[in-house]
Amino acid sequence: MSSQTNGVASRSSQPVKETFRLGRFVRAHAPQLGILAVFFTLWIIFIVSAPGTFLQPQIYNAFMSTVPFFAMMAIPLTMVVIAKEIDLSFPSTMAMGMVTFLLTYNATTSVTLAFVVALITGIFIGWLNGIIIVRFGIPSLVATLGTQFFWRGAVLVLSQGVSGSLIYARASLLYPVLAGKIGGGFPTQMLWLILITILGWVLLNRHKFGAHIYLIGDNIKSAELMGINTGRTRIRVFMLLGLVSAFAGVVASLHVAFFWPSLGEGYLLRTLASVFLGGTSVFGGTGTILGTFIGAFIIGAIEAATVAVGLTGFWTQLIYGLIIVLSVIMHTFLSKRME
Amino acid sequence: MEEYRLELRNVTKKFGEVHALDDVNFQLGRNEVVGLLGDNGAGKSTLIKIVTGYYQPTSGEVWFNGEKVDHLTVSKARQLGVETVYQERALAELQTLWRNIFLGRELANRWGFLDVTTMRQETHRLMTQSMGFTSTAVNPQSRVGTFSGGEKQGVAIVRALYFDAEIIILDEPTMGLSLKETAKLVNFVQDIKMAGKSAIFIDHNILHVYNVADRVVVIDRGRIAGEFLPKDINLDTLMEKMIRVAETGSLD
């Protein structure tokens, strides 16, 4: 944009201003618009190639039932990545939360207390990750690679590798609230995902905490020079992810009314893929909640779509890979063009 | 006894075995502009980072307005009215202009929720009134990484001024600036003086420092080598002394 409008801008007529604003809007929201374009393109492809599946409400109900389990965690994971950190331990946190849930239930027969203890476990695991990373200066990739093994190991030791029924929890209020159905069809976990997404957006964009996350990921030295407590903020981001992971673990387990010691193992790469597909930069400092939310549903839909379109399940991973790589290239291209 | 705006008493800062500062005494008076001169690695940046709370002194005391301050942190120093324009500018280049202006000092309510509207409006006002941005391509939502060197420096300076600073520290502010921008900056230091505030001005260019400072302090190898009043010494003599101190460690 040239400076030809210099000095005229303040007096310019309404239409000129409007077009300028549109340009500004596109620039400011390029990553979200990019992922939305990918989303709608894929959706149209799915509908055209498998109308029998993608024009029926059942498939969307299925997505809303299963996608939230990992999409919930993708929201705080987005914040972790924006802060230029990473966490690989959240799938183990899901399972460890359920182990303390079961231990508490067996000791007290209180489902509510068990739920609270599971959440506290998640916060504790996140706090410990943060302490290892911030106080000992260990890169988060390595630190959480370690804690991921440690907590999965703790799950196996404490549960002796035994899975167990949670059928008793179905009688408690917790089940309809966390993993029930509203009006006979709409899954409540989808409502929780929407709530977490909105809270995540507010926290990231309208709260000091989020402002500091962006600044830390962008330039941690600047953040420190300007008086931001970068250590405390980073520890809190990990605690938030721990909390949501334990929550997602309880929701996912209640959904099937069963505890598997391998709970969460399939979610690591899907959750990470949702974040990066959504346009969050691996270099920190940029990323959006909306992008992650849409990214999670794209990831969730690919598996069903592959089969519905008539390909065998063997194709799923190949298509995952293709869409992730193409989207990340698109995001990099967009962010360079929009400078 | 005269009460200084800022005083360092016997401050020593060690990084391992390296003495970055060795038993330094430094005073900054009210409404005084002190120029800090010294070669690379003399300890200028370490000294100001102690004043801003970024580094903790290994030993010694920091006093503000006649009161000793223990465990000075960056946010405590900012509350005491210290604002800094850092050599490295301390900007977050992927973030918008308004987020950079309010970096670390976001306007928020007591629950920490941001007042985005006010911050954007204030940024717009500062841009047009103080930064002299006229280009329509620059607005509070622009990313700072797209700005020129002079514009970035303008952001760092306006940020320091916005928050009612009492002590303004300028660490190599003319680095990477054009001649015109440099002249503007020197005027700006004079404005600080006119506004009744204090400043510490660090620059490689002795001429800039000589012209605006009330007092010039020379640092060499972590020690205060000497201090001069510009009215008592001419520029050539000061330059000779600077070269001598860098070579021999002694001013005379």
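Residues numbered from 1 in each chain as written. Chains lettered and ligands numbered in written order. Predicted model: local features only at pLDDT ≥ 70, side-chain atom pairs only at ≥ 80, totals over all residues.

Chemist: Can you explain the overall build of chain B? Please cite residues and give values.
Modeler: Regarding its fold elements, chain B presents eight helices and 10 strands. Relative to the globule expectation of 18 Å for 252 residues, the C-alpha radius of gyration of chain B, 19 Å, shows essentially globular dimensions. Along the longest, intermediate and shortest principal axes, the C-alpha atoms of chain B span 55 × 40 × 35 Å. In chain B, buried positions account for 43% of the 252 residues. (Helix = DSSP H or I, 4+ residues; strand = E, 2+ residues; numbered from the N terminus. Rg over C-alpha atoms; globule rule 2.2 N^0.38 Å. Buried ≥ 20, exposed ≤ 12 C-beta atoms within 10 Å, placed from the backbone.)

Chemist: Residue-level account of the overall build of chain A, with values.
Modeler: Helix and strand content of chain A: 16 helices and four strands. Its C-alpha radius of gyration of 22 Å places chain A within 12% of the 20 Å reference for a compact globule of 339 residues. Each principal axis of the C-alpha distribution contributes one length, and for chain A these read about 75 × 55 × 35 Å. Evaluated residue by residue, chain A yields a buried proportion of 47% over its 339 residues.

Chemist: Before we move on, could you go through the sheet that holds strand 4 (residues 59-64) of chain B and cite the residues and values that matter?
Modeler: Residue and element names in this part refer to chain B. Read from one edge of the open sheet, four strands run 2-1-4-5, paired in antiparallel fashion. Each edge of the open sheet carries a strand with a single partner, namely strand 2 (18-28) and strand 5 (67-69). Going across the sheet, the axis of each strand differs from the next one's by a mean of 30°, ignoring polarity. Sheet topology places strand 4 next to strand 5; three bridges connect them, and they run antiparallel. Residue pairing in the sheet places Phe-64 in a bridge with Glu-67 of strand 5. Relative to strand 2, helix 1 (residues 44-51) is tilted by about 60°, and along the sheet it contacts strand 1 (6-15), strand 2 and strand 4. (Pairing = 2+ DSSP bridges. Axes fitted to C-alpha atoms, helices over the stretch in contact; angles between N-to-C directions. Contact = placed C-beta atoms within 7 Å.)

Chemist: Account for unusual backbone geometry, naming residues and giving values.
Modeler: Despite not being glycine, Gln-160 of chain A has its phi angle at roughly 55°, a positive value. Considering the arrangement of structural elements, one finds Gln-160 of chain A in the loop between helix 8 (140-159) and strand 1 (164-165). Positive phi, close to 50°, is recorded for Glu-172 of chain B, a residue that is not glycine. Assignment of secondary structure puts Glu-172 of chain B in the loop between strand 7 (167-171) and helix 6 (179-194).

Chemist: I'd like to hear about the nonpolar core, residue by residue, with values.
Modeler: Grouped together as the largest cluster of nonpolar side chains are 162 residues, with contacts concentrated most on Met-72, Met-98, Phe-101, Val-244, Val-250 and Val-251 of chain A together with Phe-201 of chain B. At 15 residues, the largest contribution of residues to this core is made by helix 13 (residues 230-256) of chain A. Not counting residues up to four positions away in its chain, the partners in contact with Phe-201 of chain B are Val-33, Gly-35, Leu-36, Leu-170, Val-189, Val-209, Val-212 and Ala-213 of chain B. (Core = buried A, V, L, I, M, F, W, Y, C linked by C-beta atoms within 7 Å.)

Chemist: Tell me about the packing of helix 11 (residues 208-218) of chain A against helix 13 of chain A, and name the residues and values.
Modeler: Residues and elements named next belong to chain A. Following both chains from N to C, one finds helix 11 and helix 13 inclined at 105°, their axes separated by 10 Å at the closest point. Overall, the two elements helix 11 and helix 13 adopt an arrangement that is roughly perpendicular. Facing helix 11, whose interface residues are Phe-209, His-212, Ile-213 and Ile-216, helix 13 presents Thr-230, Thr-233, Arg-234, Arg-236 and Val-237. Each residue belonging to the contact of helix 11 with helix 13 can be placed in one class, and the counts come to four nonpolar, three polar and two charged. (Parallel < 35°, antiparallel > 145°, perpendicular 65-115°, else oblique. Nonpolar A, V, L, I, M, F, W, Y, C, P; charged D, E, K, R; others polar.)

Chemist: Please set out helix 8 of chain A residue by residue, giving values where relevant.
Modeler: All names here are of chain A. The end-to-end C-alpha separation of helix 8 is 27 Å, in line with the 28 Å expected for 20 residues at 1.5 Å each. Within helix 8 the residues assigned to the buried category are Ser-140, Ala-143, Thr-144, Thr-147, Gln-148, Trp-151, Arg-152 and Val-155. Considered in projection along helix 8, the buried side chains sweep an arc of 155° and stay on one side of the axis. When the buried face of helix 8 is taken as reference, the exposed residues oriented beyond 90 degrees from it are Gly-153 and Val-157. Check the buried side of helix 8 and you find it contacts helix 6 (90-108) and helix 7 (111-135). Phi turns positive, to about 55°, at Gln-160, one or two residues after helix 8. (Expected span 1.5 Å × (residues − 1). Arc of directions from axis to C-beta.)

Chemist: I'd like a description of the pairing of strand 4 of chain B, backed by residues and values.
Modeler: Residues and elements named next belong to chain B. As paired strands, strand 1 and strand 4 are joined by five bridges and run antiparallel to one another. When the sheet's bridge partners are listed, Thr-12 is paired in strand 4 with Ser-59. Hairpin connection from strand 4 to strand 5: two residues lie between these consecutive antiparallel strands, with Asn-65 at a positive phi of about 50°.

Chemist: Please provide a residue-by-residue account of the sheet that holds strand 10 (residues 223-228) of chain B, values included.
Modeler: Backbone hydrogen bonds are what pair the strands of a sheet, in a parallel or an antiparallel way. All names here are of chain B. Spatially, 6-7-8-3-9-10 is the arrangement adopted by the six strands of the open sheet, whose pairing is mixed. A strand with exactly one partner marks an edge of an open sheet, and here the two such strands are strand 6 (82-85) and strand 10. Neighbour-to-neighbour, the strand axes of this sheet turn through a mean angle of 20°, independent of strand direction. Across the sheet, helix 8 (residues 235-248) touches strand 3 (33-37), strand 9 (215-220) and strand 10, and the angle it forms with strand 9 is around 15°.

Chemist: Can you lay out helix 15 (residues 289-309) of chain A for me, pointing to particular residues and giving the numbers?
Modeler: Residue and element names in this part refer to chain A. In this model helix 15 runs 29 Å from its N-terminal to its C-terminal C-alpha over 21 residues, within 8% of the 30 Å that 1.5 Å per residue would give. The largest bend in helix 15 amounts to roughly 30° and is located at Ile-302. In terms of residue burial, helix 15 counts as a mostly covered element, since 15 of its 21 residues are buried. Remark: Gly-310 follows helix 15 within two positions and exhibits a positive phi of approximately 110°. (Bend = angle between axes of the 7 residues up to and from the residue.)

Chemist: A description of the environment of Arg-232 of chain A should follow, citing residues and the corresponding values.
Modeler: When you line up the elements, Arg-232 of chain A lands in helix 13. Counting along the chain gives 82 residues from Arg-232 of chain A to Phe-314 of chain A, while the straight-line C-alpha distance between them is 45 Å.

Chemist: Give a detailed account of the packing of helix 5 (residues 68-82) of chain A against helix 10 (residues 188-206) of chain A, specifying residues and quantitative values.
Modeler: Residues and elements named next belong to chain A. In the contact formed by helix 5 and helix 10, the axes pass within 9 Å of each other and the chain directions differ by 5°. Here helix 5 is positioned roughly parallel relative to helix 10, judged by the angle of their axes. Judged by residue contacts, Pro-68, Phe-69, Ala-71, Met-72, Ile-75, Pro-76 and Met-79 of helix 5 engage Gln-189, Met-190, Trp-192, Leu-193, Ile-196, Thr-197, Gly-200 and Leu-204 from helix 10. Tallied by class, residues from the contact of helix 5 with helix 10 come to 12 nonpolar, three polar and no charged.

Chemist: Explain the environment of Arg-143 of chain B residue by residue, including any values.
Modeler: All names here are of chain B. Along the polypeptide, Arg-143 turns up in the loop between helix 4 (116-131) and helix 5 (149-162). For Arg-143, a count of 19 C-beta atoms within 10 Å translates into the label partly exposed. Taking the C-alpha atoms as reference, Arg-143 lies 36 Å from Tyr-210; in sequence the two are 67 residues apart. Filtering out sequence-adjacent residues up to four positions away, Arg-143 remains in contact with Glu-93, Leu-94, Gln-95 and Thr-96.

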